[in-house]
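Here is how the chains run, residue by residue.
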Amino acid sequence: MHLTRSRWMLGLLLALALVATACGGDNGGTDVGTDTTQGGDSEETIEHPAGSAMAEIQDRGIITVGTKFDQPLFGLKRATTGEVEGFDVEIAKLIAEAIDPDLEIEFVETPSAVREDVLVNGDVDMVVATYTINDTRKERVGFAGPYYVAGQDIMVPAGNPEDIQGVDDLNGKRVCSVQGSTSIENVREQAPEAEVTEFGTYSQCADAMSDGRVDAVSTDNVILVGLIDQSDGAFKLVDNPFTEEPYGIGVPKDDQAMRDFVNDVLEEIFESGEWAEAYESTVGTVAETTPEPPEIDRY
Ligand code: GLU
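Residues numbered from 1 in each chain as written. Predicted model: local features only at pLDDT ≥ 70, side-chain atom pairs only at ≥ 80, totals over all residues. Heavy atoms only, no water.

Caption draft 1: Just unusual backbone geometry, in detail. Put simply, G145 and P146 share a cis peptide bond, and its omega is 5 degrees. Among the secondary structure elements, P146 is positioned in strand β8 (residues 141-150). Although it is not a glycine, D239 sits at a positive phi angle of roughly 65 degrees. Among the structural elements, D239 can be located in the loop between β13 (235-237) and β14 (245-252). (Helix = DSSP H or I, 4+ residues; strand = E, 2+ residues; numbered from the N terminus.)

In C-alpha coordinates, the structure reads:
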(Lines give C-alpha, C1' and ligand atoms only; values in the text may rest on other atoms or scores of the structure.)
Protein backbone atom coordinates (compact mmCIF):
# COMPACT_ATOMS: atom_id res chain seq x y z
CA MET A 1 0.00 0.00 0.00
CA HIS A 2 1.60 3.28 -1.09
CA LEU A 3 0.92 6.64 0.42
CA THR A 4 1.31 10.02 -1.14
CA ARG A 5 0.97 13.29 0.65
CA SER A 6 -0.57 15.24 -2.24
CA ARG A 7 -3.26 12.58 -2.69
CA TRP A 8 -3.83 12.69 1.03
CA MET A 9 -4.36 16.48 0.95
CA LEU A 10 -6.64 16.23 -2.06
CA GLY A 11 -8.56 13.45 -0.39
CA LEU A 12 -8.84 15.40 2.82
CA LEU A 13 -10.34 18.36 0.98
CA LEU A 14 -12.73 16.02 -0.80
CA ALA A 15 -13.68 14.36 2.46
CA LEU A 16 -14.27 17.73 4.12
CA ALA A 17 -16.41 18.83 1.20
CA LEU A 18 -18.44 15.61 1.44
CA VAL A 19 -18.86 15.93 5.20
CA ALA A 20 -19.96 19.54 4.76
CA THR A 21 -22.52 18.52 2.13
CA ALA A 22 -23.78 15.50 4.04
CA CYS A 23 -24.13 17.21 7.39
CA GLY A 24 -25.37 20.64 6.43
CA GLY A 25 -24.00 21.88 9.75
CA ASP A 26 -26.95 20.37 11.59
CA ASN A 27 -25.48 17.88 14.01
CA GLY A 28 -26.31 17.21 17.59
CA GLY A 29 -24.76 14.79 20.05
CA THR A 30 -21.47 15.82 21.53
CA ASP A 31 -21.68 13.50 24.53
CA VAL A 32 -18.52 11.66 25.47
CA GLY A 33 -18.59 8.25 23.84
CA THR A 34 -21.43 9.01 21.44
CA ASP A 35 -22.03 11.10 18.40
CA THR A 36 -25.33 11.70 16.68
CA THR A 37 -25.97 12.69 13.10
CA GLN A 38 -29.24 13.30 11.34
CA GLY A 39 -30.07 11.79 7.97
CA GLY A 40 -31.57 13.89 5.15
CA ASP A 41 -35.30 14.62 4.86
CA SER A 42 -37.21 12.54 2.38
CA GLU A 43 -40.78 12.15 1.11
CA GLU A 44 -40.39 8.43 0.51
CA THR A 45 -41.45 5.99 3.26
CA ILE A 46 -39.78 2.60 3.25
CA GLU A 47 -41.90 -0.33 4.46
CA HIS A 48 -40.22 -3.02 6.55
CA PRO A 49 -41.78 -6.33 7.63
CA ALA A 50 -43.79 -5.85 10.84
CA GLY A 51 -41.82 -6.97 13.87
CA SER A 52 -38.45 -6.80 12.11
CA ALA A 53 -35.49 -4.99 13.65
CA MET A 54 -35.61 -2.58 10.72
CA ALA A 55 -39.27 -1.69 11.45
CA GLU A 56 -38.47 -1.26 15.13
CA ILE A 57 -35.48 1.02 14.36
CA GLN A 58 -37.62 3.00 11.92
CA ASP A 59 -40.33 3.52 14.56
CA ARG A 60 -37.72 4.57 17.08
CA GLY A 61 -36.29 7.09 14.59
CA ILE A 62 -32.71 6.40 15.66
CA ILE A 63 -30.18 3.64 15.03
CA THR A 64 -27.33 2.93 17.41
CA VAL A 65 -24.07 1.88 15.78
CA GLY A 66 -20.98 0.57 17.56
CA THR A 67 -17.80 1.83 15.93
CA LYS A 68 -14.21 2.80 16.71
CA PHE A 69 -13.42 6.38 17.74
CA ASP A 70 -9.62 6.27 17.47
CA GLN A 71 -8.95 4.64 14.10
CA PRO A 72 -8.19 7.18 11.38
CA LEU A 73 -9.73 6.28 7.98
CA PHE A 74 -12.29 3.84 9.54
CA GLY A 75 -13.77 5.35 12.67
CA LEU A 76 -12.28 8.50 14.13
CA LYS A 77 -13.98 10.99 16.40
CA ARG A 78 -12.69 14.52 15.81
CA ALA A 79 -12.15 16.28 19.11
CA THR A 80 -12.79 19.66 17.45
CA THR A 81 -16.20 18.93 15.93
CA GLY A 82 -17.37 15.83 17.80
CA GLU A 83 -17.99 14.23 14.39
CA VAL A 84 -17.12 10.60 13.73
CA GLU A 85 -15.66 9.91 10.30
CA GLY A 86 -14.21 7.08 8.25
CA PHE A 87 -15.13 4.19 5.97
CA ASP A 88 -17.03 2.29 8.68
CA VAL A 89 -18.98 5.44 9.49
CA GLU A 90 -19.89 5.93 5.81
CA ILE A 91 -20.99 2.29 5.48
CA ALA A 92 -23.14 2.64 8.62
CA LYS A 93 -24.73 5.81 7.19
CA LEU A 94 -25.61 4.05 3.92
CA ILE A 95 -27.25 1.17 5.83
CA ALA A 96 -29.13 3.61 8.08
CA GLU A 97 -30.34 5.52 5.03
CA ALA A 98 -31.66 2.30 3.50
CA ILE A 99 -33.65 1.61 6.69
CA ASP A 100 -35.08 5.11 6.60
CA PRO A 101 -33.62 8.25 5.01
CA ASP A 102 -34.73 10.32 8.00
CA LEU A 103 -33.12 8.08 10.59
CA GLU A 104 -30.85 9.65 13.17
CA ILE A 105 -27.60 7.76 13.87
CA GLU A 106 -25.98 7.48 17.26
CA PHE A 107 -22.39 6.26 17.08
CA VAL A 108 -21.19 4.56 20.26
CA GLU A 109 -17.49 3.96 20.87
CA THR A 110 -16.94 0.21 20.72
CA PRO A 111 -13.39 -1.08 21.28
CA SER A 112 -12.48 -4.52 19.90
CA ALA A 113 -13.02 -6.48 23.11
CA VAL A 114 -16.67 -5.49 23.65
CA ARG A 115 -18.07 -5.90 20.13
CA GLU A 116 -19.86 -9.18 20.82
CA ASP A 117 -21.07 -8.03 24.26
CA VAL A 118 -22.75 -4.86 23.00
CA LEU A 119 -24.72 -6.88 20.45
CA VAL A 120 -25.63 -9.66 22.88
CA ASN A 121 -26.76 -7.09 25.46
CA GLY A 122 -28.74 -5.10 22.90
CA ASP A 123 -26.74 -1.92 23.59
CA VAL A 124 -26.42 -1.21 19.85
CA ASP A 125 -28.33 -2.25 16.72
CA MET A 126 -25.21 -3.08 14.74
CA VAL A 127 -21.43 -2.97 14.93
CA VAL A 128 -19.36 -1.52 12.08
CA ALA A 129 -15.87 -1.51 13.53
CA THR A 130 -13.08 -3.14 11.44
CA TYR A 131 -14.77 -6.35 12.61
CA THR A 132 -13.40 -9.58 11.17
CA ILE A 133 -15.98 -12.27 10.45
CA ASN A 134 -14.99 -15.58 12.05
CA ASP A 135 -16.57 -18.73 13.45
CA THR A 136 -15.77 -18.04 17.10
CA ARG A 137 -17.56 -14.70 16.91
CA LYS A 138 -20.45 -16.27 14.99
CA GLU A 139 -21.21 -18.30 18.13
CA ARG A 140 -22.42 -15.05 19.75
CA VAL A 141 -23.30 -12.65 16.91
CA GLY A 142 -24.37 -12.63 13.27
CA PHE A 143 -22.49 -11.03 10.38
CA ALA A 144 -23.51 -9.41 7.14
CA GLY A 145 -20.80 -8.85 4.57
CA PRO A 146 -17.92 -8.84 4.06
CA TYR A 147 -17.75 -5.25 2.79
CA TYR A 148 -13.94 -5.08 2.81
CA VAL A 149 -11.01 -7.49 3.17
CA ALA A 150 -7.95 -6.28 5.07
CA GLY A 151 -4.76 -8.18 5.89
CA GLN A 152 -2.82 -8.17 9.12
CA ASP A 153 0.53 -6.40 8.88
CA ILE A 154 3.14 -4.76 11.11
CA MET A 155 3.98 -1.13 11.90
CA VAL A 156 7.51 -0.20 13.02
CA PRO A 157 9.42 3.02 13.76
CA ALA A 158 10.39 4.71 10.44
CA GLY A 159 14.01 3.51 10.47
CA ASN A 160 12.93 -0.08 11.32
CA PRO A 161 15.69 -0.37 13.97
CA GLU A 162 14.87 -4.02 14.75
CA ASP A 163 14.84 -4.94 11.03
CA ILE A 164 11.37 -6.51 11.17
CA GLN A 165 10.41 -7.80 7.71
CA GLY A 166 7.55 -10.15 8.50
CA VAL A 167 5.61 -11.97 11.20
CA ASP A 168 8.46 -14.42 12.00
CA ASP A 169 10.68 -11.49 12.96
CA LEU A 170 8.25 -10.62 15.77
CA ASN A 171 9.63 -13.54 17.81
CA GLY A 172 11.72 -12.13 20.65
CA LYS A 173 10.40 -8.56 20.01
CA ARG A 174 8.07 -6.38 22.07
CA VAL A 175 4.84 -6.32 20.06
CA CYS A 176 1.68 -4.37 20.83
CA SER A 177 -1.85 -5.34 19.83
CA VAL A 178 -5.38 -5.05 21.17
CA GLN A 179 -7.50 -7.14 23.56
CA GLY A 180 -10.28 -9.12 21.89
CA SER A 181 -8.84 -8.72 18.39
CA THR A 182 -7.94 -11.37 15.86
CA SER A 183 -4.64 -9.48 15.53
CA ILE A 184 -3.43 -10.39 19.01
CA GLU A 185 -4.44 -14.04 18.52
CA ASN A 186 -2.60 -14.19 15.19
CA VAL A 187 0.59 -12.75 16.73
CA ARG A 188 0.43 -15.30 19.55
CA GLU A 189 -0.09 -18.12 17.06
CA GLN A 190 2.34 -17.09 14.34
CA ALA A 191 5.09 -15.53 16.50
CA PRO A 192 4.83 -17.51 19.77
CA GLU A 193 8.08 -16.04 21.13
CA ALA A 194 6.90 -12.43 20.79
CA GLU A 195 6.62 -10.45 24.01
CA VAL A 196 3.05 -9.23 23.61
CA THR A 197 1.76 -6.01 25.14
CA GLU A 198 -2.02 -5.79 25.19
CA PHE A 199 -4.02 -2.55 25.19
CA GLY A 200 -7.68 -1.68 24.68
CA THR A 201 -7.14 0.40 21.52
CA TYR A 202 -4.67 0.73 18.66
CA SER A 203 -3.97 4.40 19.41
CA GLN A 204 -2.60 3.26 22.79
CA CYS A 205 -0.28 0.87 20.92
CA ALA A 206 0.87 3.72 18.66
CA ASP A 207 1.64 5.84 21.76
CA ALA A 208 3.62 2.94 23.25
CA MET A 209 5.73 2.70 20.11
CA SER A 210 6.33 6.47 20.10
CA ASP A 211 7.66 6.17 23.64
CA GLY A 212 9.88 3.19 22.78
CA ARG A 213 7.91 0.82 25.05
CA VAL A 214 7.33 -1.59 22.14
CA ASP A 215 9.24 -2.46 18.95
CA ALA A 216 6.24 -3.02 16.70
CA VAL A 217 2.44 -2.80 16.48
CA SER A 218 0.50 -5.46 14.63
CA THR A 219 -3.04 -5.32 13.29
CA ASP A 220 -4.87 -4.89 9.97
CA ASN A 221 -2.88 -3.01 7.33
CA VAL A 222 -5.57 -0.37 6.79
CA ILE A 223 -5.70 0.48 10.49
CA LEU A 224 -1.91 0.81 10.55
CA VAL A 225 -1.95 2.98 7.41
CA GLY A 226 -4.25 5.42 9.21
CA LEU A 227 -1.94 5.56 12.24
CA ILE A 228 1.12 5.98 10.00
CA ASP A 229 -0.59 8.80 8.15
CA GLN A 230 -1.06 10.61 11.48
CA SER A 231 2.49 9.91 12.68
CA ASP A 232 4.29 12.67 10.75
CA GLY A 233 6.77 10.23 9.28
CA ALA A 234 7.58 8.54 12.61
CA PHE A 235 6.12 5.11 11.70
CA LYS A 236 6.10 2.89 8.64
CA LEU A 237 4.36 -0.23 7.37
CA VAL A 238 6.37 -3.42 6.95
CA ASP A 239 3.95 -4.20 4.08
CA ASN A 240 4.06 -7.97 4.32
CA PRO A 241 0.49 -9.02 5.20
CA PHE A 242 0.11 -12.47 6.77
CA THR A 243 -3.68 -12.97 7.21
CA GLU A 244 -7.00 -12.17 5.53
CA GLU A 245 -9.49 -10.16 7.56
CA PRO A 246 -12.95 -9.99 5.97
CA TYR A 247 -14.82 -7.12 7.64
CA GLY A 248 -18.47 -7.76 8.47
CA ILE A 249 -21.37 -5.82 9.95
CA GLY A 250 -22.12 -7.35 13.34
CA VAL A 251 -25.84 -7.87 14.08
CA PRO A 252 -27.71 -9.86 16.76
CA LYS A 253 -27.02 -13.58 16.29
CA ASP A 254 -30.30 -15.02 15.14
CA ASP A 255 -31.60 -12.09 13.15
CA GLN A 256 -31.60 -13.64 9.68
CA ALA A 257 -33.91 -10.89 8.35
CA MET A 258 -31.51 -8.15 9.39
CA ARG A 259 -28.54 -10.03 7.93
CA ASP A 260 -30.40 -10.44 4.65
CA PHE A 261 -31.40 -6.79 4.64
CA VAL A 262 -27.87 -5.53 5.30
CA ASN A 263 -26.42 -7.94 2.72
CA ASP A 264 -28.91 -6.61 0.15
CA VAL A 265 -27.92 -3.02 0.98
CA LEU A 266 -24.23 -3.90 0.65
CA GLU A 267 -24.83 -5.47 -2.77
CA GLU A 268 -26.76 -2.38 -3.84
CA ILE A 269 -24.03 0.03 -2.77
CA PHE A 270 -21.34 -2.15 -4.38
CA GLU A 271 -23.35 -1.91 -7.60
CA SER A 272 -24.30 1.79 -7.42
CA GLY A 273 -20.77 3.05 -6.80
CA GLU A 274 -21.67 4.43 -3.33
CA TRP A 275 -19.35 1.88 -1.72
CA ALA A 276 -16.44 3.02 -3.93
CA GLU A 277 -17.29 6.66 -3.17
CA ALA A 278 -17.25 5.93 0.57
CA TYR A 279 -13.92 4.16 0.21
CA GLU A 280 -12.34 6.89 -1.88
CA SER A 281 -13.37 9.69 0.48
CA THR A 282 -11.86 7.84 3.45
CA VAL A 283 -9.31 5.01 3.04
CA GLY A 284 -8.68 6.08 -0.56
CA THR A 285 -7.27 9.39 0.63
CA VAL A 286 -4.07 7.55 1.56
CA ALA A 287 -4.31 4.23 -0.30
CA GLU A 288 -3.75 4.52 -4.03
CA THR A 289 -6.17 2.06 -5.57
CA THR A 290 -9.81 1.30 -4.87
CA PRO A 291 -10.29 -2.47 -4.63
CA GLU A 292 -13.19 -4.40 -6.13
CA PRO A 293 -15.90 -4.97 -3.50
CA PRO A 294 -15.75 -8.48 -2.02
CA GLU A 295 -18.28 -11.27 -2.55
CA ILE A 296 -21.05 -11.28 0.07
CA ASP A 297 -21.12 -14.45 2.17
CA ARG A 298 -24.75 -15.40 2.82
CA TYR A 299 -23.97 -18.21 5.21
N1 GLU B 1 -10.08 -6.98 12.23
C2 GLU B 1 -9.50 -7.44 13.44
C3 GLU B 1 -10.56 -7.82 14.44
O4 GLU B 1 -11.71 -7.77 14.16
C5 GLU B 1 -8.54 -6.44 14.04
C6 GLU B 1 -9.02 -5.04 14.07
C7 GLU B 1 -9.81 -4.67 15.32
O8 GLU B 1 -9.45 -5.11 16.41
O9 GLU B 1 -10.74 -3.89 15.16
O10 GLU B 1 -10.28 -8.24 15.52
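So much for the structure itself; the text now carries on.
Caption draft 2: Looking closely at the nonpolar core. Among the nonpolar cores identified, the biggest contains 60 residues, and F87, I91, M126, Y147, Y148 and I249 are the most heavily contacted of them. When residues of this core are assigned to their parent elements, the largest contribution, eight residues, is made by helix α3 (residues 87-99). What Y148 contacts, discounting residues up to four positions off in sequence, is F74, F87, V222, E245, P246, Y247, W275, Y279, P291 and P294. Counting residues in each nonpolar core, the second largest holds 12 residues, with V156, L170, A191 and V238 among its members. (Core = buried A, V, L, I, M, F, W, Y, C linked by side-chain atoms within 4.5 Å. Buried < 20%, exposed > 50% of the residue type's maximum accessible area, 1.4 Å probe, protein only. Contact = heavy atoms within 4.5 Å.)

Caption draft 3: Inspection of a negative patch on the surface at higher detail. Side chains of E97, E268, E274, E277 and E280 sit close together on the surface and give a patch of like negative charge. Residue contributions to the negative patch peak at three residues, all from helix α10 (residues 274-280). (Patch = residues over 30% accessible without salt bridge, like charges linked within 9 Å, V, L, I, M, F, W, Y side chains within 5 Å. Areas by Shrake-Rupley, 256 points an atom, 1.4 Å probe, with all protein chains shown as cover. Salt bridge = Lys/Arg side-chain N within 4 Å of Asp/Glu carboxyl O. Lys, Arg positive; Asp, Glu negative; His and termini not counted. Charge placed at Lys NZ, Arg CZ, Asp CG, Glu CD.)

Caption draft 4: Structural detail: the site of the ligand. Residues in contact with the ligand amount to 16 residues; listed here are only the nearest, K68, S112, T130, Y202 and D220. Separating an oxygen atom of the ligand from a side-chain N or O atom of S112 is a distance of 2.6 Å. T132 is positioned such that a nitrogen or oxygen atom in its side chain is 2.7 Å from a nitrogen atom of the ligand. If the ligand stood free it would expose 280 Å²; the protein chains cover 100% of that surface. When atoms are counted within 2 Å of each cavity's grid points, the one that captures over half of the ligand is the largest cavity. Where the shell around the ligand is concerned, the elements lending two or more residues are α6 (182-190) and β12 (216-220). Class assignment of the residues belonging to the shell around the ligand gives a composition of five nonpolar, seven polar and four charged. (Near = heavy atom within 4 Å. Polar contact = N/O pair within 3.5 Å; in protein donor to acceptor, adjacent residues only side chain to side chain. 1 Å grid on protein atoms, 1.4 Å probe; cavity = no way out; pocket = protein on both sides within 12 Å on 5 of 7 lines; lining within 4 Å. Sits in = over half its atoms within 2 Å of the grid points. Nonpolar A, V, L, I, M, F, W, Y, C, P; charged D, E, K, R; others polar.)

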